[in-house]
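Structural features, examined
Given next are the chains, with one letter for each unit.
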Amino acid sequence: MAVTNAPRTRGPRRWDVPLVGRTLAYVRDPLAMMRDQYDRSGPVSDITFIGRTWTALLGPDACEAALRNGDKAFASEDGWGYLVGPFFHRGLMLLDFAEHHQHRRLMQEAFTRDRLRGYTARLGPAVTAGLDAWRPGDDFLAYPALKQLTLDLATQIFMGGADLADDAELDRLNRAFIDCVQAATAFIRVPLPGTRWGRATKGRKLLEEFLYRHIDTKRASDGEDLFSVLCRLTDDDGSAFTDEDVVNHMIFLLMAAHDTSTITVSTMMQYLGQHPEWQERCRAESMALGDHPTLDELDTLTSLDLVMKECLRIVPPVPVLARKTVKETEVLGHTIPAGRLTVVMMHLSHHMPELWEDPERFDPERFAEDRRDDKVHRYAWEPFGGGVHKCLGLHFAGAEVSTIMHQLLRRFSWEVDPDYRAPMNYHSLPFPSDGQPVDLHLLEGAPA
C-alpha cells in the first residue's frame, strides 16, 4: 500500500529558529512536529535539526526506502555517529555493510532460542527480587521504580550478577547510561564541563573502565550471562570478538535493553491502569501460569502480547533512526545528495489515519489475528526498526517485558486516571518526566 500526501502551505512555523530549526519543536512534541512537517512538505523534505541540515523521511513508503536500503546508499554509523557516536561507538547499530553483517552473524549466537530460554529462566527470580522492594500506595512513581528494576536485570542477566559492582557503582553506571543517551540532542557538541556532551564523555569512560576491568574473568568463565557469552563467541571460521568489540557491544546492548524495556513496561502500566478490562484480561492469563513461566509459556500470554504491540505503536521507545547517505540516492522521486544526514521518522507511521483506524485510541485488538491492521503496510508498525539493522534483541526484549508484566499482574492491581496524559520528555529516548504516578495496590494473597 502506498501512502501519499501532497504538501499544504501554512503560515510560519512557531518553533523554527535559525540553526535550531525543528529541534525545539521535536523536543516539545515530536509527533506534532512530524505531522506538521508531513502536511507541509510531504514524505521527503529537508529540515534543520541540531545545527545541521537533515533530510526527513516520513510515512511508511519513505521509511521503507531507507530501511530496506536497496542501493546501499544509507549508512547507520555516520548518522548515529553525529548524534551519539562517541558514546556508543561501534555498537552493532553503528556498523554498516560487510562489517555489520559479520558482527551481527556472530552476535546472533548470543540470541538463539536456547540462549533466550536460559536468559528467561534467570529473569523470573531476578524480577521477583526486584518487586519485593516495591512499596505500593497511591501515586506510586512507576517509571523510576521500573528503571531501577531493569538496571538490576541488566546487571544480573547481561553482566552476570551484582557481585561485579556495589550499589554506589551501579548508580554511577546508571547515570552514565543516561548521560550518554541524553547527549543526542545537545547543541554544544564538544566535551566542555557541565554540558551534556561533557557528561556523556565522562560516562562513556566510566562504562569502558568498568567493562575492561572484568573482561578477562568473563572470558575465562563458563557463565551464561551475555557478557560472558560475548567474550567466548566464535563462528565456524574461528572469528571472535576482540576485547574492544565486546566492550563496544556491551555498552550499546546494555543501553538498548535497559531504556527501551523500561519505557515499554511503563507505557503498558499506564494503559492497563486506564483500561481495567484489559488489565483483568491479561491477569487471568497470567494467573493460569506459575510465578516463573518458561519462554514457551510466555508465548501463551496472547492478551499481554496484544497490549505490548499496541503500546509499542503508541509510544515507540526509539521514535526515529539516524542515517547518512554515502552516495546520491532517490526516495519517492526526491534526490538526496551524498553526505546528507537523514532521519527516518517511523513514529509518524504509527499514528497515521491513512494506516490505522482511530490511531489515538488504545485498541490492542487491532493486532489480533482476525484483524492484523499492522499488515496494511509492511512498514506501518516498526518499533524495532527494519531491514538489516532490525533490532537483534527484539525477542529478548519481548521476554523481559512479558516477564516483568506477568509478575506485576500476579502481585498488584493498579489504576491510572483516564484523563492522564504522560508528559513525555524527548531530549533522548522518551520517558515520562513526572515519574508516571499510578495507584498501586497489593492483590489479596500476593507476597507483601
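Model, not experiment: these values are computed from the prediction.

Turning next to the UniProt feature "binding site: heme" (unreviewed entry) in the protein. The feature "binding site: heme" (unreviewed entry), as given by UniProt, occupies Cys 391 in the numbering adopted here. Among the structural elements, Cys 391 can be located in the loop between α15 (346–349) and α16 (394–411). Classification of Cys 391 by relative accessible area gives partly exposed; the value is 31%. Discounting chain neighbours no more than four positions away, the residues touching Cys 391 are Arg 104 and Phe 384.

Turning to the pattern of salt bridges, a few remarks are in order. This structure, assessed with the given rule, holds 33 salt bridges. The residue Lys 218 makes a salt bridge to Asp 225 at a minimum N-O spacing of 3.3 Å. A salt bridge links Asp 363 to Arg 361, with the shortest nitrogen-to-oxygen separation between them at 3.6 Å. Overall, Arg 361 belongs to the partly exposed group, its relative accessible area being 35%. Sharing partners across several salt bridges, the network here consists of Arg 113, Asp 114, Arg 117, Asp 296 and Asp 299.

The next thing to look at is the environment of Ile 50. Mapped onto the elements of the fold, Ile 50 is located in the loop between β1 (44–49) and β2 (52–58). Residues Ile 50 and Met 107, 57 residues apart in the sequence, show an inter-C-alpha distance of 33 Å.

Thresholds applied
Residues numbered from 1 in each chain as written. Predicted model: local features only at pLDDT ≥ 70, side-chain atom pairs only at ≥ 80, totals over all residues. Heavy atoms only, no water. UniProt positions renumbered as here; feature names shortened; annotations may be inferred. Helix = DSSP H or I, 4+ residues; strand = E, 2+ residues; numbered from the N terminus. Buried < 20%, exposed > 50% of the residue type's maximum accessible area, 1.4 Å probe, protein only. Contact = heavy atoms within 4.5 Å. Salt bridge = Lys/Arg side-chain N within 4 Å of Asp/Glu carboxyl O.

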